[in-house]
Amino acid sequence: MTTAAVRVRAVSKRFAGVRALDGVSLDLYPGEAHALVGENGAGKSTLIKLITGVHHPDEGQVCYLDEPVLFAGPREAQAAGISTIYQEVNLVPMRSVAGNLFLGREPTNRLGLISFRRMNRQAREVLRRYGITADVRRPLGELGLGVQQMIAVARALSTDARVVIMDEPTSSLEPREVDRLVEVIELLRRQRIAVLYVTHKLDEVFRVCQRVTVLRDGRVVHSGPVAETTRLRLVATMLGRDVADVREHGATSFSEQHQAAAGELVLRAEALTRRPLLDGVSVDVHAGEVVGLAGLLGSGRTETAKAVFGADPVDSGSVRVGAEARASAGAKPARRRWSPAAAIRRGIGMVPEDRGSEGVIGELSVRDNIVLAALPRLTRAGFLSDRRQDALVDTFVKRLRIKASSPDQKVRELSGGNQQKVLLARMLCLYPKVLILDEPTRGIDVGAKAEIQALIDELAAQGLGVLLISSELEEVVEGSDRVLVLRDGAVVGTLRGTEISEDRIMQAIAAGGEERP
Amino acid sequence: MTLQAVRPRDTTKLPQRIQAAGVYIAIAALLVFNLAFTPHFATVTNLRLQLVQVVPVAIVAVGMALVIATEGIDLSVGSTMALAAALIPLYIGYGVWPAIVVALAAGLAMGLASGWLVAFAGMQPIIATLGLLVAGRGLALVLADGRLVELFDPTLGALGNSAVLGVPVSVLIVIGVAVVAGVAMRRTAFGRRVLAIGGNRSAATLAGLPVKRTLVTVYAVSGLLAAVAGVLSTARQGASDPSFVGLLIELSAITAVVVGGTPLSGGRVRIVGTLMGALLMQLITATIIQHNLPDSTARMVQAAIIVAAVYVQRGRSAA
Amino acid sequence: MTAVANPPTERPGAARGRGSAPVALWARRGSAPVVLALVLVAGTAVFGGRFASALNLGNIALDSSYLLLIAIGMTFVILSGGIDLSVGSLLALSGVLTAYASRWGTPAAILVPLGVCALFGLANGVLVGRARIAPFIVTLAGLLFARGLAFAVSKEGNQVYIIPAELALTRVGQARFLGVGAPVWFALAVFAVALVVLNRSRFGQAVFAIGGSEEAAELMGLPVARVKTLVYVLSAVLTGLAGVLVAAQTQSGLPTIGEGRELEAIAAVVIGGTLLSGGAGSLSGTLAGVLLLKVIQNLINQVGTLTAYYQQVVSGAFLIVVVLVQSRLSRRGLR
Amino acid sequence: TKTANETPTTSNGAAQQQVRGTAGTAACTHDKYNGGVPKLDLKSVTVGFAQSEKEANPFRITETQSIRDEAAKRGIKLITTNAQSDLNKEIADIQGMIAQGAKALIISPLNSEGLDPALKAAQDAKVPIMTIDRLLTTKTACTDYVGWIGSDFVEQGKRAADAMMTVTGGKGDVAILLGASGVNVTVDRTKGFKDQLTAKNSGLKIVAEQTGDFTREKGQKVTEQLITANPGISAIYAENDEMALGAVAALKAANKKAGDVKIITIDGTKGAVQGILDGWISGVIESNPRFGPLAFQALEDFYSGKGVPEKTIISDKEYTQANARAELANAY
Ligand SMILES: Nc1ncnc2c1ncn2[C@@H]1O[C@H](COP(=O)(O)OP(=O)(O)OP(=O)(O)O)[C@@H](O)[C@H]1O
Ligand SMILES: Nc1ncnc2c1ncn2[C@@H]1O[C@H](COP(=O)(O)OP(=O)(O)OP(=O)(O)O)[C@@H](O)[C@H]1O
Ligand SMILES: [Mg+2]
Ligand SMILES: [Mg+2]
């Protein structure tokens, strides 16, 4: 047998009372892509951080090329040849795309000064290789999260590494980008580079990886060749349930069909324009209806969501809610300051795409994060009622199965998926009439994803209108009653009922491109 | 399903408590040192003196703690004190209370001004309040024509020097302010908003919180409290001294807040810790003076203790 | 393929966070020099030759040079997400040490203060970078400590050390070249080098990155602690250099100078468009900020009849107005 | 309600100005000064005054006011600056006034050292400088500056020590409230006081010396600490009146009675002299800030050819129980 690139021996790690990892062992061989899967909070990210020296194990040992190592930090690991893409996009938003790609290893001229011309040229080459279109001199923060994630991938892969670790690299990628990434991983494998691949998208496990290790509650519950397992079995092991049980109740997806007899109009956004990102987008949402927004990266879905919610200003256009929306056919919109606060007051909720910078408040507890938007309802004369808070928090922690040591735990310490659930809970506890979900299942494990999808269904059945954005076309297709296809900030097609399929969406995008030079 | 059933009990709190106790440890150490080595330290008079002297810094620091919790900073507090002090003699002809009301109103106005600059004009807090620091003190001096004015008002004197059941009135005011601030931060929606804004302003906005209004309120409270401190200082001194009252108090207050365990990065606040931070600074000064250390040594010792106290409770950002 | 979209204008409200700050900032960078030009023109219009005389402008340049040196270091510190409050005291300490060491000749009079300042910066840097104590507190303690040390060296102020007039240091420090004082040339030289270091070296890029997102920089494998440490050393050494030049000018080392300089330097940097939270800004902005502050101060002095109190009111108000005008300008510039 | 100290103090004119003595060699005139500067009629030019510290205490207020009043009286156009205790600002101020066209300068140096660039600028522009208050110890009269008018701070400290020995009978524990650190007024007043105690072999023991920064607030706070830590303190030497008045406030708050602790102070403000009448302060050594008449007279003499002496020591009074009532009106 070849020597392992990385060998993890019975490592354990506790965080102030939470046992994140408990005697985990894992071998990673050159030339293999090794999947690491498990529920939210199972310990995947923690395991990676132990390997790269972000954290140090309490017990056990990490070997790199058969030598026991204890990296002082990611820097040492990187220098030794372990290149890592961490779970949350970890780049510097204020620096340029090229600057981010080459940070710490900028090309220099003879005087030791950085040559920006060369750097930009090389950056453009890298981007071209990964099919990313972006101006390399622009600040990275201006790009959508998906593009940012691709750039993080490109950065990690453009170093000379013997081991590449990817923590949910595809969580905000389009199928197109995922394909590209799969190709790259193939290439890496042929170069005898070892790849550790964390994902919640089980399809990718079967497409990309040769071996898979399943973590549950900080322990390895399965490890073996991908070929010898099935999707169903994997899900069952992850969740700790019977295969039969999973098969019966299903692990994914929405109930096939809604009662598409949509209720009355609850939201009407007309001709939202914000140059150059949005160009006259109109969206109607009815009670009990799930409206999907489909499009490629940067097509304006997030912009649409934010404009409707009042989070970004628009040049023109109007948003009307409830009775006003119904009464309004063509009427002049009322002039009103539209802001998230106003939107929330009028019954619109939104779960933003970028949970780190726009969503969670890391220093606050799970409880405080959940009740944040509902504060006005939970106070008497400005004072908070513990009882009502706890009741609310309790309900949603249970319902969404948020895994936290207690409602008092800081959100910062939760795993990525659980943070996402906290955000969902924050909006759900407002009992909104319309809910805008921008990538609601990003980074969420299969079990939880199914639950959230079921929840969306259930809420829609109870009369909630939903605007759903997801880079997983499957999710949009299965979940939506109506799909608006966006391209370059404009609606290029509307699909209803049985028309909705991945193919039709892709066609609409392509056709839209032809119509609009 | 048992996703959250069998988690080990959360013991997070204990080490954090020990870490957060840096300021308490330092206070205890200084007390022990003084009890052992400083003659006449363990007297009621002396202890009361330390409490009375810490009043202005403590009050200002409570307001500062709220501002810092929003990830802001208020450098204008010292000038606000001066403005309040300068106004008292101008209006004391109408009676003490009207004069005090005018002084407090001026503090509120300063706070509203910095709040507006920060929340609505989008200025960085340190610059907005630096401008007001310079202009505010200038304004106070213009109003007072740069002069110290002695005040012989019995009510004002009582505010500064009398005691209820042995506890000085000004100390009672500090306790009152701290209790209100503590309750507001822990038990009210306002407190929650303050922390949310400090923790992640974009997220707070997207959660529909009235961010600007809250920010303005916080700076207004800070201004008002600074004015209270200005009035109390004036009362105790029996003189309005706009040139020097509150000079550099912003640095002492910020130190007290941070030494008390409130991080400058916002999102967290410790009111009692802030009071303890102020008390620690006072004890350091007292120890230095009572042991007659030269000025140069005094500054260096002070620096060392501040770093040590914060060092003990640092490090949760590490990871 | 999707076209590269233009950046959105400032997003009030929600996206104050990562997304939009850089945009506003990139534009704001350009506006400090514009405001400076406006103020210069206004000054000339109102005061004519009295203001725009070579003598007066030379004075402004000399007066600005010390602040510029300090502000250059401060720019690095602020860009890295920190702050350095110790510079004012350090200026005094450096001056005192220069004068103290001048008895051993010019090399000692330069090396001793610079060495001590470097150590001081190292201490600041290690406490911030390695021990991870908030920079505000570390350098606040530094402010106290350096001042204390300056007093201690000058025996509580009982001893004012004098620099001999015939020393090379004095002659160089007080020399004029092309009608402009030596400190101005030193400051400009340092500025030029700093420009290159900040914008064209890996160290400079690392400073920006760390200020932009320390966590990301760490995970990308940058030597975060080392860079942070160096930044404080740089700030301290440049302040030390300013102290040496001040001492050479005044031929003495006074432990009382420099009070409040830290706030002045921070103001200059921020007026220059550098984000106080770090990650974005520029040295050219800082230069404009320094000049803006000093020109305004000079203009206020020109009035002459204004009492000191009114001068204070005016300069405070001016600071606020300038920054407000600037942010308006930058927003307009984007449309 | 009653307020005191509110009326603006005006300088009391040349009548109050007594010169205690002059020193130095030949009188300085415009044709001797620094190789000769043009003769001017003061009434037709602008004169600049550079104040060193904020006008935040009676001494500085009176000093500036006295210069302004005298200029107004003589019909001379005056511009003023204030360096706010910042040495570099004072240099810039002086250079700025020269650039603005001031033809003669009166400066109150922030420190005995460090004004060289400003002095040089003045020399280059052939602008004569008259210095008041603090002496430029390492510079030469009639070359670097015309002459100096001021008090002898060491002497003030000595006189304070004498007064202290008189009121205490030469026995007891003394605390010193020092002025701002690193300022030569503080240094000199401390040195004079201590030297004199030693010279006179006094039985007074200095048990504490702490800075009160020349302010009333700090004087009060420090005194409060000192009397708690050393209940035996029987006398306080305050290096200016403001700190002394702070000390009085502290003593009152500590329920001491007037005269329990003897206070000797320097400056001679109304508040302090009133303190003598009230029994809280035992003696005040004056530090006379009314430089206006003398300074402008010196400039007149400089141009008229009468000449200015190198040093003019302004006379400082002493206020005691005996003369306080009579002299109260003359205090500033
Ligand atoms: N810094 C920390 N402090 C405290 N607890 C932590 C910390 N980091 C992780 N944990 C806890 O460790 C456990 C494992 O988290 P980890 O991030 O490894 O999960 P994960 O498998 O990557 O989940 P996800 O799929 O949601 O990303 C979680 O319970 C989490 O709350
Ligand atoms: N082609 C592009 N190049 C650069 N920036 C872009 C591009 N397209 C969009 N952006 C920026 O990306 C951000 C998010 O894009 P938008 O909301 O339009 O896309 P989206 O369809 O939600 O895609 P994503 O899945 O990336 O969020 C916007 O702020 C916009 O400025
Ligand atoms: Mg994870
Ligand atoms: Mg999106």
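Coordinates for the structure precede this section.
Overview of the structure.

Rules used in this analysis
- Residues numbered from 1 in each chain as written.
- Chains lettered and ligands numbered in written order.
- Predicted model: local features only at pLDDT ≥ 70, side-chain atom pairs only at ≥ 80, totals over all residues.
- Heavy atoms only, no water.
- Helix = DSSP H or I, 4+ residues; strand = E, 2+ residues; numbered from the N terminus.
- Contact = heavy atoms within 4.5 Å.
- Buried area = accessible area lost by both parts, 1.4 Å probe.
- Salt bridge = Lys/Arg side-chain N within 4 Å of Asp/Glu carboxyl O.
- Polar contact = N/O pair within 3.5 Å; in protein donor to acceptor, adjacent residues only side chain to side chain.
- Nonpolar A, V, L, I, M, F, W, Y, C, P; charged D, E, K, R; others polar.
- Buried < 20%, exposed > 50% of the residue type's maximum accessible area, 1.4 Å probe, protein only.
- Pairing = 2+ DSSP bridges.
- Right-handed = clockwise from strand over helix to strand, strands pointing away.
- Expected span 1.5 Å × (residues − 1).
- Axes fitted to C-alpha atoms, helices over the stretch in contact; angles between N-to-C directions.
- Parallel < 35°, antiparallel > 145°, perpendicular 65-115°, else oblique.
- Left-handed = near helix turned anticlockwise from the far one by under 90°.
- Phe/Tyr/Trp six-rings, centres within 6.5 Å; stacked < 30°, edge-to-face > 60°.
- Lys NZ or Arg CZ within 6 Å of the ring centre and 35° of its normal.

Thoughts on the environment of A:V319
Residue and element names in this part refer to chain A.
Item 1. Among the structural elements, V319 can be located in strand β14 (residues 316-321).
Item 2. Note: C-alpha distance between V319 and A98 (221 residues apart in sequence) is 38 Å.
Item 3. Contact partners of V319, with chain neighbours within four places excluded, come to L267, R268, A269, L272, A307, V308 and W338.

Structural notes on the interface of chain D and chain C
How big an interface is tends to be reported as the loss of accessible area on association of its parts.
Item 1. Listed by partner, the interface residues are 28 residues for chain D and 33 residues for chain C.
Item 2. Approximately 2700 Å² of surface area, both sides summed, lies buried where chain D meets chain C, with 50% of it carried by carbon and sulfur atoms.
Item 3. Across the chain D-chain C interface, the total number found is one salt bridge.
Item 4. D:D86 is paired through a salt bridge with C:R261; the nearest N and O atoms lie 3.8 Å apart.
Item 5. Across the contact surface, chain D and chain C share three residue pairs in polar contact (both at pLDDT 80 or more).
Item 6. Counting residues per element, the side of chain D that touches chain C draws most heavily on helix α2 (residues 87-99) of chain D, at 10 residues.
Item 7. Across the side of chain D that touches chain C, the residue classes tally to eight nonpolar, 12 polar and eight charged.

Considering the pairing of strand β5 (residues 104-107) of chain D
All names here are of chain D.
Item 1. Along β5, one buried face is formed by A104 and I106 and the opposite face, lined by L105 and I107, is buried too.
Item 2. Here strand β3 (residues 46-51) runs beside β5; their pairing, made up of four bridges, is parallel. Across the sheet, residue V47 finds its bridge partner in β5, namely A104.
Item 3. A crossover connection joins β5 to the parallel strand β6 (residues 129-132) through helix α3 (residues 116-124); in handedness this β-α-β unit is right-handed.

Structural notes on helix α4 (residues 153-168) of chain D
Within an α-helix, residues lying three or four positions from one another point in the same direction, as the helix has 3.6 residues per turn.
Residues and elements named next belong to chain D.
Item 1. Between the first and last C-alpha of α4 there are 22 Å, a value that for 16 residues agrees with the 22 Å anticipated at 1.5 Å per step.
Item 2. Taken together, the buried positions of α4 are F153, Q156, G157, R159, A160, A161, A163, M164, M165 and T168.
Item 3. Its side-chain oxygen at 3.1 Å from the backbone nitrogen of V154, D152 defines the N-terminal cap of α4.
Item 4. Immediately downstream of α4, the backbone of G169 shows phi near 75°, a positive value.

Observations regarding the pattern of salt bridges
Item 1. Taken as a whole and assessed by the stated rule, the structure comprises 58 salt bridges over all chains.
Item 2. A salt bridge links A:E32 to A:R211; the shortest N-O distance between them is 2.9 Å. Taken together, the positions of A:E32 in the loop between β2 (18-28) and β3 (33-38) and A:R211 in strand β9 (residues 211-216) put the pair 179 residues apart, joining distant regions of the chain.
Item 3. On the basis of relative accessibility, which here comes to 22%, the residue A:R211 falls in the partly exposed class.
Item 4. For the salt bridge of A:E363 with B:R268, the shortest nitrogen-to-oxygen distance reads 3.1 Å. Placement of the pair is A:E363 in the loop between α13 (355-359) and α14 (366-371) and B:R268 in the loop between α12 (249-259) and α13 (271-290), with the two residues belonging to separate chains.
Item 5. Judged by relative accessible area, which is 22%, A:E363 ranks as partly exposed.
Item 6. When salt bridges that share partners are traced, they join C:D63, C:R261, C:E264, C:K294 and D:D86 into one network.

A look at the packing of helix α6 (residues 106-129) of chain C against helix α7 (residues 135-153) of chain C
Geometry of a packed helix pair, given as the angle between the helix axes and the separation of the axes.
Residues and elements named next belong to chain C.
Item 1. Between α6 and α7, whose axes approach to 9 Å, the crossing angle comes to 155°. What the angle tells us is that α6 and α7 run roughly antiparallel. Two packed elements cross with a definite hand, and for α6 against α7 that hand is right-handed. Mapping the contact onto sequence places F120, N124, L127 and V128 in α6 and P135, V138, T139, G142, F145 and A146 in α7.
Item 2. By residue class, the composition of the contact of α6 with α7 is seven nonpolar, three polar and no charged.

Some remarks on the sheet that holds strand β20 (residues 482-487) of chain A
Residues and elements named next belong to chain A.
Item 1. Strand order across the open sheet formed by six strands is β15-β18-β19-β13-β20-β21, with mixed pairing between neighbours. Whereas interior strands pair on both sides, the edge strands pair on one side only; in this sheet they are β15 (348-351) and β21 (490-496). Ignoring strand direction, the axes of neighbouring strands in this sheet form an average angle of 20°.
Item 2. Pairing of β15 with strand β18 (residues 434-438) involves four bridges; the strand directions are parallel. By the bridge assignment for β18, V351 is matched with L437.

Describing the packing of aromatic side chains
Item 1. The final tally for this structure, using the stated rule, is 13 aromatic pairs over all chains.
Item 2. Centre to centre, the rings of C:F120 and C:F145 are 6.2 Å apart; their planes meet at 50°, and the pair counts as tilted. In this pair, C:F120 sits in helix α6 while C:F145 sits in helix α7, placing the two residues 25 residues apart along the sequence.
Item 3. Exposure remark for C:F120: the relative accessible area of 11% places this residue in the buried category.
Item 4. Residue C:F145 is classed as partly exposed on the basis of its relative accessible area, which comes to 30%.
Item 5. Grouped by ring-pair contacts, the aromatic residues C:Y100, C:W104 and C:Y161 constitute a single cluster.
Item 6. The ring of C:F208 carries A:R95 above its face, with NZ or CZ at 4.0 Å from the centroid.

Treat this as a map of the structure, not an account of what it does.
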